[in-house]
Amino acid sequence: MMWDHIWINGHFATMNPALTQPYGAIHNGAIAVQDGKICWLGLMSDLSDIPEKLATHVTDLAGAWVTPGLVDCHTHLVYGGNRADEFEKRLKGVSYEEIARSGGGIRSSVTATRAASEDDLVKRAQKRLNNLLREGVTTIEIKSGYGLRTEDEAKMLRAARRLGRDNNVDVVTTFLGAHALPPEYADDADGYIDLVCSEMLPAIAAEGLADAVDAFCENIAFNTDQTRKVFEAARAHNLPVKLHAEQLSDQKGSILAAGYHALSSDHLEYLAKDGVAAMAQAGVVAVLLPGAFYCLRETKLPPIDLLRQHGVDIAIATDSNPGTSPALSLLLMANMACTLFRMTPEEALAGITRNGARALGRGDSHGTLETGKVADFVVWEIDSPAELSYAIGGNPCRAVVRQGKLRDIAV
C-alpha cells in the first residue's frame, strides 16, 4: 500500500528529545503521512525506493525547514469588548491590582462578554485566531472565565468549540469559572466557589464542553482552600486541572496543583524553590507567559534556572486576553522568552511545540515529529530554526499541514 503523501528534500526540527542533534534535527530528510499520521520520517538516503513509488502525492520541500505544528497552550481568545482604556491607565502608573480592585480588569470583560451573543463572540475571536493560524498554530487552548455564570461560561466554551470546527485547528477547551468574582458575588467568594462546584462545573461537564478545569489562585482572586474545592469538583467529573499561579505573589498554588497532578501551572513569576520541586516531582509543566510579563511591566523574572535544574518542562504561550496580554503572535512570545526570560531559541521552540502539547495533555500525540503522531507540521522559509525566535514581526510560514493535509493559511 502506498503512503498518502511524502514531503522530500527538507530539514526537520523534530523536537524529539531522543535525538541528540540540536532541535532533534534531521537534515536532507523526508516525512510521509498515512491516514493523518506520520508513518515514516528519516533521511532521504534511507528511503526504500524513489518517492513516486512510495506515495500517491510527492511534495519537494526544496531545502525548507519543517517543525511540529505550533501549540498555543494558554489563551483567553473568546471574549467581548476590549480593555485598551486600562492599558492607558497602567501607562499612567495605575497597577493591575488597583484596576482589578476598583471593578475593572476581568470584571469589565465579564460585562461585555455577558452582553455578547455566541455568534458575536465567534466573530470577534475569529479575527484574533486568524493571526495565530497564519503563524502555524495547529493546536490552541481556549479558556472560559469571562462569563462567571453558568449560561455565559457555556456560551464561551461553545464558541471555542465552533472555532475549532470552522478552522481546521485543534481547540482544547478549559473551564475557568474560578477566574474572578462576578458583581453579584462581590463579597462572597466562598458562595461563588460553591456555585462553580455545585452548578457550573456539573453543567459544563454534562454538555462535554471542557477538556480541563483551571482556576486563578492569587491574592486578588481565590485562595488555596477555594482552589482545592474546584480541583475536587473537577476530579469528581474526571477532568484534569491546571492553575494560574504565582503571577503576583507566592500563594503556594503550584504546590497545590502538584498535589493534584495538574497538567500545568502558569505564569510563575513568584514561584519559589519549594513550588519548583513539587512541580518536578509531579511532572507539572511550567507555562510561562512573556506577553503578560511585558504588558504588566513586571520586573520579577520566573525562576528559569531553578526550573532547568529540577528538570521541569517549560512551555510558552500567548496568554492572549483583553487586559494583560493582547498578544496575537506565538513567534513573538518565543522571541520574548529568549530576550526577557533568557531562554535559548531551542528551549523557546520546545516551549511552543513539545512542551506546549504536554501542557495540554497531548504530548503522546502532538508536539514532536515522530512516527505514529498526528501529522501536524509547518514548513518555514528559514535557514535555521533559531530564526523562529530571532525575527521580530516577520512571519516565515510557507505552509501548514494539519492531519496530513495542506491547510489554507490565506486567512
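Residues numbered from 1 in each chain as written. Predicted model: local features only at pLDDT ≥ 70, side-chain atom pairs only at ≥ 80, totals over all residues. Heavy atoms only, no water.

Peer 1: What should I look at first to understand the pairing of strand β12 (residues 285-288) in this one?
Peer 2: Covered by surrounding structure in β12 are Val285 and Val287 together with Ala286 and Leu288, the residues of both alternating faces. Two elements, strand β11 (residues 264-267) and β12, share three bridges in a ladder whose sense is parallel. Considered in β12, the bridge of Asp266 is made with Val287. Running through helix α9 (residues 273-282), the crossover from β11 to the neighbouring parallel element β12 is right-handed. When β12 meets strand β13 (residues 314-316), the two strands line up parallel, connected through three bridges. Among the inter-strand pairings, Ala286 is bridged to a residue of β13, identified as Ile314. (Buried < 20%, exposed > 50% of the residue type's maximum accessible area, 1.4 Å probe, protein only. Helix = DSSP H or I, 4+ residues; strand = E, 2+ residues; numbered from the N terminus. Pairing = 2+ DSSP bridges. Right-handed = clockwise from strand over helix to strand, strands pointing away.)

Peer 1: Would you explain the environment of Thr14 in this entry?
Peer 2: Note that Thr14 resides in the loop between β1 (3-13) and β2 (25-34). Its relative accessible area of 0% is what places Thr14 among the buried residues.

Peer 1: Before we go on, may I ask you to explain the sheet that holds β13 in this structure?
Peer 2: Backbone-to-backbone hydrogen bonds pair the strands of a sheet. The strands run either parallel or antiparallel. The strand order across the open sheet formed by eight strands is β6-β7-β8-β9-β10-β11-β12-β13, and the pairing between neighbours is parallel. Both edges of this open sheet fall to β6 (70-72) and β13, since each of them pairs with a single strand only. Strand-to-strand twist of the sheet, defined as the mean angle between neighbouring strand axes without regard to direction, takes the value 25°. Summarising the sheet, strand β8 (residues 170-178) and strand β9 (residues 212-217) pair through three bridges and their orientation is parallel. (Axes fitted to C-alpha atoms, helices over the stretch in contact; angles between N-to-C directions.)

Peer 1: Help me understand the nonpolar core in this model?
Peer 2: It is characteristic of soluble globular proteins that their nonpolar side chains tend to be buried jointly. Val78, Ile140 and Phe175 are the most contacted members of the largest nonpolar core, which totals 101 residues. Considering each element in turn, this core owes the most residues, nine residues, to helix α6 (residues 189-206). Looking at which domains feed residues into this core, each of domain 1 (3-68 + 368-407) and domain 2 (70-360) supplies at least three. In this structure Phe175 touches Ser144, Glu153, Leu157, Val196, Met200, Leu201, Ile204, Ala210, Ala212, Val213 and Asp214, once residues within four positions along its chain are discounted. Listed in part, the 16 residues of the second largest apolar core include Leu41, Leu369, Ala399 and Val401. (Core = buried A, V, L, I, M, F, W, Y, C linked by side-chain atoms within 4.5 Å. Domains from an automatic or database assignment. Contact = heavy atoms within 4.5 Å.)

Peer 1: Sorry, what's going on with the packing of aromatic side chains here?
Peer 2: Working definition: an aromatic ring pair is given by the centre-to-centre distance plus the angle between the planes. Within the structure shown, the criterion is met by seven aromatic pairs. With 6.2 Å between their ring centres and 25° between their planes, Tyr192 and Phe222 make a pair best called stacked. Linking Tyr192 in helix α6 with Phe222 in the loop between β9 and α7 (224-236), this pair joins segments that are 30 residues apart in sequence. With a relative accessible area of 2%, Phe222 lands in the buried category. Taking 5.3 Å as the distance between ring centres and 70° as the angle between the ring planes, the aromatic pair formed by Phe231 and Tyr260 counts as edge-to-face. Of this pair, Phe231 sits in helix α7 while Tyr260 is found in the loop between α8 (253-259) and β11, placing the two residues 29 residues apart along the sequence. (Phe/Tyr/Trp six-rings, centres within 6.5 Å; stacked < 30°, edge-to-face > 60°.)

Peer 1: Can you walk me through the environment of Gly361 in this structure?
Peer 2: Inspection of the secondary structure puts Gly361 in the loop between α14 (354-359) and β14 (377-380). Given the relative accessible area of 52%, Gly361 is considered exposed. Residues Gly361 and Ser264, spaced 97 residues apart in sequence, show a C-alpha to C-alpha distance of 9.2 Å.

Peer 1: Looking at this structure, how should I read the domain arrangement of the protein?
Peer 2: Here the protein is partitioned into domain 1 (3-68 + 368-407) and domain 2 (70-360). With 25 residues of domain 1 at the contact, the number on the domain 2 side is 24 residues. With both sides pooled, the region where domain 1 packs onto domain 2 buries about 1900 Å², and carbon together with sulfur makes up 59% of that total. The largest contributions to the domain 1 side of the interface with domain 2 come from Met15, Ser389 and Arg407, which together make up 32% of the buried area. (Buried area = accessible area lost by both parts, 1.4 Å probe.)

Peer 1: Looking at this model, I keep getting lost on the UniProt feature "domain: Amidohydrolase-related" (unreviewed entry) in the protein. Mind explaining?
Peer 2: Using the residue numbers shown here, the UniProt feature "domain: Amidohydrolase-related" (unreviewed entry) corresponds to residues 65-405. Overall, residues 65-405 shows 43% helix and 16% strand. The separation of its end C-alpha atoms is 17 Å. (UniProt positions renumbered as here; feature names shortened; annotations may be inferred.)

Peer 1: Please clarify how the pattern of salt bridges should be interpreted in this entry.
Peer 2: Opposite charge on two side chains permits pairing when their charged atoms draw close. What the rule picks out here adds up to 23 salt bridges. Close ionic contact of Asp214 with Lys143 constitutes a salt bridge, the shortest N to O distance being 2.8 Å. On the criterion of sequence distance, the pair formed by Asp214 in strand β9 and Lys143 in strand β7 (residues 137-143) is long-range, its members being 71 residues apart. The two residues Asp214 and Lys143 agree in class, both being buried. For Glu207, the salt bridge goes to Arg158, with nearest N and O atoms at 2.7 Å. Within this pair, whereas Glu207 is found in the loop between α6 and β9, its partner Arg158 is found in helix α5 (residues 150-167), the two being separated by 49 residues in sequence. In this structure, a network of salt bridges that share partners links the residues Glu141, Lys143, Asp214 and Lys242. (Salt bridge = Lys/Arg side-chain N within 4 Å of Asp/Glu carboxyl O.)

Peer 1: I keep staring at the UniProt feature "binding site: Zn(2+)" (unreviewed entry) in the protein and nothing clicks. Help me out?
Peer 2: Here the UniProt feature "binding site: Zn(2+)" (unreviewed entry) sits at His74, His76, His244 and Asp319. A stretch of 246 residues holds the annotated residues, and the largest C-alpha distance among them is 12.3 Å, short enough that they meet in one place. By the element assignment, His74 lies in the loop between β6 and α1 (84-91). Note on placement: His244 falls in strand β10 (residues 243-245). Ignoring any residue separated from it by four or fewer positions in sequence, one finds His244 in contact with His74, His76, Lys143, Leu176, Asp214, Ala215, Phe216, Cys217, Asp266 and His267.

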